[in-house]
Amino acid sequence: MLTLRERQINAIKQMLNLNSQQPKVLAAEPVWKILIYDRVGQDIISPIISIKELRELGVTLHVQLHSDRDSIPDVPAVYFCLPTDENLDRIQQDFSNGLYDIYHLNFLAPITRSKIENLAAAALHAGCVANIHRVYDQYVNFISLEDDFFILKHQQSDQLSYYAINRANTRDEEMEALMDSIVDSLFALFVTLGNVPIIRCPRNSAAEMVARKLEKKLRENLWDARANLFHMDATQAGGGVFSFQRPVLLLLDRNMDLATPLHHTWSYQALVHDVLDLGLNLVYVEDDSAASAGARKKPKACDLDRNDRFWVTHKGSPFPTVAEAIQEELESYRNSEEEIKRLKTSMGIEGESEIAFSLVNDTTALLTSAVNSLPQLMEKKRLIDMHTKIATAILNCIKARRLDSYFEIEEKIMSKQTLDKPLLELLRDSEFGQPEDKLRLYIIYYICAQQLPESEAERLREALQAAGCDLTALAYVQRWKSIMNRSPSISQATQYEGGGTRTVSMFTKLVSQGSSFVMEGVKNLVVKRHNLPVTKITEQVMECRSNAETDDYLYLDPKLLKGGDVLPKNRAPFQDAVVFMVGGGNYIEYQNLVDFIKQKQTSNVHRRIIYGASTLTNARQFLKELSALGNEIQTPGTS
């Protein structure tokens, strides 16, 4: 069964194949073409199709729509962009300049009737109507980062951020446009999946606005005989991504849980995102080799994609496990390298002596297989070096900022355990992490504490201020908490059960093998499995368990002509879910859902969860948004 990411790749490959079905046997030579995209199109393509793959698909040149381009005759030009006024103006300009002989226009979102009429008028005026071969609506306006993880925006993602949704003085039409943009992308997602979901979401939230709009859009499409996008031929569509059962779309609002996005983390992928700013599966790490040669340090791009076996296996593992795994990979690589060297030398010796002639054939066979495995070995070495570089950069941050201790303390706070040292003492310790880390710790403590005496809060805030923290975010967090306390069903759903941690003996392997990772002073923490609030709600909705807070969630079914929003009495558990976070998601929740669904697999039941978010933010970005919201409260009327 194809994953979401694979289906999106297929849709884009078909587009690059000039929207004709890809032949089963690839032709010797593809049709050469130019790809012209806007920033959104670029963000969609870059995490899923490499430049090498674009070449194989016949793309000789890929350029930004709004760059200066020269005329290239006789070659099809494939446009891949949103139908915004700015983009359409530029396309019309290309028409009048006669840049290309063959145009294939692919819009990421459906183009309106009036816009396509204007475009046609411009083509007529430029006299290039015959040159426009195809105009397509492509429903791929979302970014697949993993097989089961998508976001809606990367560049200019602040348009869909938590701040944009929760700002005090957003005008109604701005909010409508923002919600429409989320709905259009979710609609495209389900067209790509080939299934109509059942929608569940909490009432009176931004998620409800999205749910109502999405249901209306899906229903209108389903009952429109001409334009229905969901009655595709089952064989052609691969029968939808999910099995015959329909998936549930669980729309949640970031407001249900502000602690998780600020939580210090311990798994590899989430650490890369938190510490090194992972974006579109690409991370930049400072290159030490250049620095040692006396040159200026320049960041080196590391591509973390699904072809990297080590990344796929270990992205969810705790950091110490990753460090050990890198060390093991390095050992096995060195052994293979030794093997080749030994064979070469033995060949040299045995080739000279007549007696050993019979042995040569065996050794030749060995050497041939060794030489054939050289490209794989080189690739393995490149990946080991890359992960060593990334892990070393993370390790330096863990040591400098004491991230292991922060993670351990926050897990204790979330699981309501007593702390070894009082929080005030930790916040006053000047050696203990950066101001930003202290602020994150305090906000999590403040959110998780049932009753926090004002005098204690005041003392903690003074310690934060003395440590150089910017406290504007606290004004917003206080307001948020007072609203949450008034709605018991929500606050009940977001009870943290943090798994707590235990420290196992220090990294024996790494210490004994003279590893490149100097792990002294870093705790080897083992995390106990636990569900975050998002995962707990997902479980209740998928299992259809009766529960005070999720029973009150809206239940919308776009396939029913007269939609109610109450739960039907008897309903089977869902095998598949799409969990979407309005207001920004993170790798911590994604990893938690992945671990949860792994546990639920049995030999005859295959369950799947796809996690999505309007944007992907790490703790630093999320703190900035909270500060901007806090700033609005402290200085109302300005923005």
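It should be emphasised that the depicted structure is a prediction, and the values quoted were computed from it without experimental measurement.

So, how was this worked out
Residues numbered from 1 in each chain as written. Predicted model: local features only at pLDDT ≥ 70, side-chain atom pairs only at ≥ 80, totals over all residues. Heavy atoms only, no water. Salt bridge = Lys/Arg side-chain N within 4 Å of Asp/Glu carboxyl O. Helix = DSSP H or I, 4+ residues; strand = E, 2+ residues; numbered from the N terminus. Buried < 20%, exposed > 50% of the residue type's maximum accessible area, 1.4 Å probe, protein only. Contact = heavy atoms within 4.5 Å. Lys, Arg positive; Asp, Glu negative; His and termini not counted. Polar contact = N/O pair within 3.5 Å; in protein donor to acceptor, adjacent residues only side chain to side chain. pLDDT = per-residue confidence, 0-100. Pairing = 2+ DSSP bridges. Axes fitted to C-alpha atoms, helices over the stretch in contact; angles between N-to-C directions.

What follows is about the pattern of salt bridges. Oppositely charged side chains may form a pair once their charged atoms are brought near each other. Applying the stated criterion to the full structure yields 39 salt bridges. A salt bridge links Glu117 to Arg113; the shortest N-O distance between them is 3.0 Å. With Glu117 and Arg113 both in helix 5 (residues 113-126) and 4 residues apart, this pair spans about one turn of that helix. In this structure Arg113 comes out as exposed when scored by relative accessible area, which is 66%. Overlapping salt bridges bring together Asp274, Arg401, Glu436, Asp437, Arg440 and Arg620 as one network.

Right, let's talk about the environment of Ala325 for a bit. Along the chain, Ala325 falls in helix 13 (residues 319-352). A relative accessible area of 9% means that Ala325 is categorised as buried. For the pair Ala325 and Phe310, spaced 15 residues apart in the sequence, the C-alpha separation amounts to 8.6 Å. If near-sequence neighbours (up to four positions away) are discounted, Ala325 is found in contact with Phe310 and His314.

This part takes up unusual backbone geometry. Working note: non-glycine residues mostly have negative phi, and peptide bonds are mostly trans. In this structure, Leu18 takes a positive phi of about 60 degrees despite not being glycine. By secondary structure assignment, the location of Leu18 is in the loop between helix 1 (4-16) and strand 1 (33-37). Unusually for a residue other than glycine, Lys416 sits at a positive phi of about 60 degrees. Among the structural elements, Lys416 can be located in the loop between helix 16 (403-414) and helix 17 (423-428).

To continue, consider the environment of Thr84. Note that Thr84 resides in the loop between strand 3 (72-81) and helix 4 (85-97). For Thr84 and Ile111, which are 27 residues apart along the polypeptide, the C-alpha to C-alpha distance reads 8.7 Å.

Mapped onto the elements of the fold, Asp253 is located in strand 9 (residues 248-253). Buried charge Asp253 goes without a salt bridge, the closest partner of opposite sign being Arg254 at 7.1 Å. Within the structure, the side chain of Asp253 is placed 3.1 Å from the backbone nitrogen of Ala206, a separation counted as a polar contact. The contacts of Asp253, once residues within four sequence positions are left out, are Ser205, Ala206, Ala207, Met581 and Val582.

Low-confidence regions, as indicated by low pLDDT, have predicted coordinates that should not be scrutinised in detail. Per-residue pLDDT for the chain has a mean of 87; in total, 87% of the residues score no lower than 70. In the model of the chain, helix 9 (residues 234-237) stands out as the element of lowest mean pLDDT, 40, in contrast to strand 7 (residues 149-151), which has the highest, 98. Taken as a whole, residues 505-514 scores under 50 in pLDDT and shows 19 contacts with residues more than four places along the chain or in a different chain.

We now examine the sheet that holds strand 8 (residues 198-201). If you trace the 7 strands from one edge of the open sheet to the other, you get 6-7-16-15-9-8-14, paired in mixed fashion. The open sheet is flanked by strand 6 (143-146) and strand 14 (554-556), the only strands paired with a single partner. Sheet twist, expressed as the mean angle between neighbouring strand axes with direction ignored, is 20 degrees. In terms of strand pairing, strand 8 meets strand 9 through 3 bridges, oriented parallel. Within strand 9, the position partnered with Ile199 by the bridge is Leu249.

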